[in-house]
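Below, each chain spelled out in residue letters.
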Amino acid sequence: MTLTRSASVDVTSKVVATTEVAEAFYQTRLRVPTREQAPVLTVEPGQFVQLQPRPPEGVYPYLRIPLSVSAVDEAGGIVDVLYEVVGPKTGALRRIAVGEDVGFLGPFGNGFPTPSTGATPILVGGGIGVPPLIYFGTVLRAAGTTPPILVVGARSKSKHLPDGLLDSASHDVRRATDDGSLGHAGLVTDLLQDAFGEGHQAPVVYTCGPHAMMAAVARLCADHKVPCFASLEEYMACGIGVCVGCVVERANGTSQSSPYDHYARVCVDGPIFDSRQIAW
Ligand code: FES
């Protein structure tokens, strides 16, 4: 498996559309200008971008917003981001009107490693951790790998992304809710345990979501000796490895070439990590 990275661009994109796709969850579609030197925008599944809303009136006084990507039309320069409005930064992004500007910096970080031939990818997402898995699943299906299984969890039915957004990633979508209002009443790890019991060939798990959920997924994978790659989310400032504001503790003995012996910077060392590298 190889971890991939793409060259970054620093450009002004334009909002093509913003749509509410679930309760307080929005999808914003951006058109990113291309340049003669780099006519195709390349974003690997799992990489993230840093966005800066630029309202025509007033100022945007906050740090850029790091967001993963849920879909890309590379030739057309179209990038979709999905996010929950949880504060002033994401609220500002939601309010940017069609045709207005958003600073676009990225992509950053590494991408999900491609599964080995014949392996069965199982994508496990929770809450706003689902978008990068949508993009990854879509790319896997287009590449003709063993079809991915997509396991998604949310607090309730109203917080689940609609079928139309998940269908491109998997024809086998399994849902869980905390309150039982949709799908399995319980945790995504219950559904992952079920999937392990189905005897799929060489399962490999990719996960993104709340820290506690990913920690539980990582433990379950370790118990079953299944490879697991987790996409970590941390507060970010610079996004380029300078401010050390996004560090996570490495598991004992996994530090290698980084000068930060016991810590990894999510923005440049990740955001994708082999789950065994992290001190959950
Ligand atoms: S956000 Fe600054 S080092 Fe990662």
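Quantities reported herein were computed from a predicted structural model and do not represent experimental measurements.

Caption draft 1: Region of the structure containing the domain arrangement of the protein chain. According to the domain assignment, the protein chain contains domain 1 (9-108), domain 2 (112-231) and domain 3 (232-280). Centre-to-centre separation of domain 1 and domain 2, based on C-alpha positions: 25 Å. At the interface, 19 residues of domain 1 touch 16 residues of domain 2. Regarding the contact of domain 1 and domain 2, the summed buried area is about 1,400 Å², with carbon and sulfur atoms giving 64% of it. Together, Phe25, Pro45 and Leu82 form the three largest contributors to the area buried by domain 1 at its contact with domain 2, with a combined 38%. Of the charged contacts, one joins Glu84 and Lys159 as a salt bridge, the two residues approaching to 2.9 Å between their closest N and O atoms. The tally of links from domain 1 across to domain 2 stands at six residue pairs in polar contact (both at pLDDT 80 or more).

Caption draft 2: Structural view of the nonpolar core. Ranked by size, the top nonpolar core spans 31 residues in total, and within it Ile122, Val124, Leu192, Phe196, Val205, Cys221 and Leu232 carry the most contacts. When contributions to this core are tallied by element, the ones reaching two or more residues are strand S7 (101-108), strand S8 (120-126), strand S9 (149-154), helix H4 (188-197), helix H5 (211-224), strand S13 (228-231) and helix H6 (266-269). In this structure, Ile122 is in contact with Ile149, Val151, Leu192, Ala195, Phe196, Pro203, Val204, Val205 and Tyr206, ignoring residues within four places of it in sequence. By size, the runner-up hydrophobic cluster in this structure holds 24 residues, among which are Tyr26, Val32, Leu67 and Val81.

Caption draft 3: Just the pattern of salt bridges, in detail. Applying the stated criterion across every chain yields a total of nine salt bridges. Salt-bridge contacts for Arg174 lead to Glu198; the nearest nitrogen and oxygen are separated by 3.0 Å. Placement of Arg174 in strand S10 (residues 172-177) and of Glu198 in the loop between H4 and strand S12 (203-208) is noted, with a sequence separation of 24 residues between them. For Arg174, a relative accessible area of 17% corresponds to the buried category.

Caption draft 4: The arrangement of the sheet that holds strand S3 (residues 48-54) in detail. Spatially, S4-S3-S7-S1-S2-S6-S5 is the arrangement adopted by the seven strands of the open sheet, whose pairing is antiparallel. Looking at which strands have only one partner, the edges of the open sheet turn out to be strand S4 (65-68) and strand S5 (71-73). Across the sheet, the axes of successive neighbouring strands diverge by a mean angle of 35 degrees, strand direction being ignored. As defined by bridge partners, S3 adjoins S7 across six bridges and the pair is classed as antiparallel.

Caption draft 5: How the structure looks around the layout of surface pockets. What the largest pocket holds in volume is close to 1,300 Å³. Along the walls of the largest pocket sit 48 residues, with Glu84, Ile128, Gly129, Gly209 and Glu233 positioned nearest its centre. Of all the secondary structure elements, the ones that give two or more residues to the lining of the largest pocket are S4, strand S6 (78-84), helix H1 (88-95), helix H2 (131-143), S9, S10, H4 and H5. Top element by residues in the lining of the largest pocket is H5. It accounts for five residues.

Caption draft 6: Structural view of unusual backbone geometry. Cis geometry marks the peptide bond from Gly106 to Pro107; its omega dihedral reads 5 degrees. Counting through the fold element by element, Pro107 comes out in strand S7. Cis geometry is found at the peptide bond from Gly270 to Pro271, where omega equals 10 degrees. As for its placement among the helices and strands, Pro271 is situated in the loop between H6 and strand S16 (272-274). Positive phi is not limited to glycine here, since Ala202 has a value of about 40 degrees. Along the polypeptide, Ala202 turns up in the loop between H4 and S12. Unusually for a residue other than glycine, Lys225 sits at a positive phi of about 55 degrees. Along the chain, Lys225 falls in the loop between H5 and S13.

Caption draft 7: Broad picture of the pairing of S3. Taken across its seven residues, S3 has five buried, putting it largely inside the fold. Bridge count for S3 against S4 is four bridges, and the pairing is antiparallel. Across the sheet, the residue bridging to Phe48 is Ser68, located in S4.

Caption draft 8: Representation of empty space enclosed by the protein. In this structure the tally under the stated criterion is one cavity of 30 Å³ or more. Approximately 50 Å³ is the volume attributed to the largest cavity. Gly127, Val130, Val152, Gly153, Ala154, Lys159, His160, Leu161 and Leu166 together form the lining of the largest cavity. When residues in the lining of the largest cavity are grouped by element, the largest group, three residues, is from S9.

The rules behind each value
Residues numbered from 1 in each chain as written. Predicted model: local features only at pLDDT ≥ 70, side-chain atom pairs only at ≥ 80, totals over all residues. Heavy atoms only, no water. Domains from an automatic or database assignment. Contact = heavy atoms within 4.5 Å. Buried area = accessible area lost by both parts, 1.4 Å probe. Salt bridge = Lys/Arg side-chain N within 4 Å of Asp/Glu carboxyl O. Polar contact = N/O pair within 3.5 Å; in protein donor to acceptor, adjacent residues only side chain to side chain. Core = buried A, V, L, I, M, F, W, Y, C linked by side-chain atoms within 4.5 Å. Buried < 20%, exposed > 50% of the residue type's maximum accessible area, 1.4 Å probe, protein only. Helix = DSSP H or I, 4+ residues; strand = E, 2+ residues; numbered from the N terminus. Pairing = 2+ DSSP bridges. Axes fitted to C-alpha atoms, helices over the stretch in contact; angles between N-to-C directions. 1 Å grid on protein atoms, 1.4 Å probe; cavity = no way out; pocket = protein on both sides within 12 Å on 5 of 7 lines; lining within 4 Å. Points joined across faces, edges and corners; volume = space filled by probe spheres on them.

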